[in-house]
Amino acid sequence: MRSGPKPERLRLDYTGSAATAAEYPAWAIAEVAVAGRSNCGKSSLLNCLGGRSDLARVSKTPGRTQRIHFFRETALDFALVDLPGYGFARVSKADRARFAAAVDEYLRERRNLRGLVLLLDVRRTPEAEEHMLAEFTASRGIRLLLVATKVDKLGRAERARRFRELDSAGLGRWVGFSSISREGRDEVLRGVAALASGQMENAGEV
Ligand code: GDP
């Protein structure tokens, strides 16, 4: 990882949620979006980066899971954008299409989007959704930070094997993270700050 400024924690204030572009905040500050499959550990990661345990509860409130949530980072002045989780096993086709449309519209339309943090449970393999998100950001010149979550669940040998597989999946280099052991927290904090300030030079390079 490149040595860049690392905030001690993100100071995130929830500012609202949106289902369509008409409802996005009207600000011009840089935005860093966070995406991942449902249950990948996105809420736990946001809470861990924010240094408090109630931060992402808002996005788990029934009826709000399909919305895009905006958090303003008050020290560095950018916004963290929590995109709806995808890949629910038990969700209907119509609901899946709605999630996809909301994320697609945000990634397509949002002019101040600077970076995407893409989360994946370290035990999973990138699938069509991860490849699509990575290709989409590359086509728009948006930087990507790849984070493999829940690394505390694997022993050393299995873990090394998983990272070799992930790194050779063609998306870039993955940063390991655990919201339980807090491993990788500094690297992810530094990566998010770099995305927000536009200082990350190459996709996958952190
Ligand atoms: P989300 O649906 O992506 O927001 O995922 P959550 O943060 O709610 O986490 C889903 C499940 O994974 C919960 O049972 C968490 O306790 C668990 N979890 C999240 N992060 C970690 C982690 O780093 N390590 C372990 N062992 N479990 C985790």
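## So, the overall build of the protein chain
Within the protein chain, the secondary structure is distributed over six helices and seven strands. Each of the 206 residues in the protein chain was classed as buried or not, and the buried ones make up 39%. Here the contacts in the protein chain between residues at least 6 apart in sequence split such that 75% fall between residues at least 24 apart.

## Remarks on the nonpolar core
By size, the foremost hydrophobic cluster in this structure holds 49 residues, and its most contacted members are Leu118 and Val147. With sequence-adjacent residues up to four places away left out, Leu118 is seen in contact with Ala35, Gly36, Glu130, Leu133, Ala134, Leu144, Leu146 and Val147.

## Focus: the site of the ligand
Near the ligand you find 16 residues, and of these Gly41, Lys42, Ser43, Ser44 and Lys150 are the closest. No other element matches helix α1 (residues 42-50), which puts three residues into the shell around the ligand.

## Brief notes about the sheet that holds strand β3 (residues 68-73)
Across a sheet, strands are paired by hydrogen bonds formed along the backbone, either parallel or antiparallel in direction. Spatially, seven strands are ordered β1-β3-β4-β2-β5-β6-β7 in an open sheet, and the strand pairing comes out mixed. On the outer flanks of this sheet lie β1 (12-18) and β7 (174-176), each paired with one strand and no other. Pairs of neighbouring strands in the sheet enclose a mean axial angle of 25°, with direction left out of account. Bridge analysis of strand β2 (residues 31-36) against strand β5 (residues 113-121) gives six bridges, and the strand direction is parallel. Along β5, the bridge assignment pairs Val32 with Gly115. The sheet strands contacting α1 are β1, β2, β4 (78-82), β5 and β6 (143-149), and the helix crosses β2 at an angle near 140°.

Scoring rules and cut-offs
Sequence order sets the numbering: in each chain, residues are counted from 1 along the sequence as written. In view of the model being predicted, local features appear only for residues whose pLDDT reaches at least 70, and side-chain atom pairs are presented and counted only at 80 or more, with totals across whole chains, interfaces and linings using the full set of residues. Under the scheme used here, helices are H or I runs from DSSP no shorter than 4 residues and strands are E runs no shorter than 2 residues, and both carry numbers assigned from the N terminus. Between the buried cut of 20 or more and the exposed cut of 12 or fewer other C-beta atoms within 10 Å of a residue's own C-beta lies the partly exposed class, and all C-beta atoms are placed from the backbone. Once C-beta atoms have been placed from the backbone, residue pairs whose C-beta atoms lie within 7 Å are recorded as contacts. To form a nonpolar core, buried Ala, Val, Leu, Ile, Met, Phe, Trp, Tyr and Cys residues must be joined through C-beta atoms within 7 Å. Whether a residue is near a molecule or strand depends on its C-beta atom, generated from backbone atoms, being within 6 Å of that molecule or strand. Between any two strands, at least two bridges found by DSSP are needed for them to pair. Every axis corresponds to a line fitted to the C-alpha atoms, with the helix fit spanning only the stretch in contact, and the corresponding angles, defined between N-to-C directions, vary from 0 to 180 degrees.

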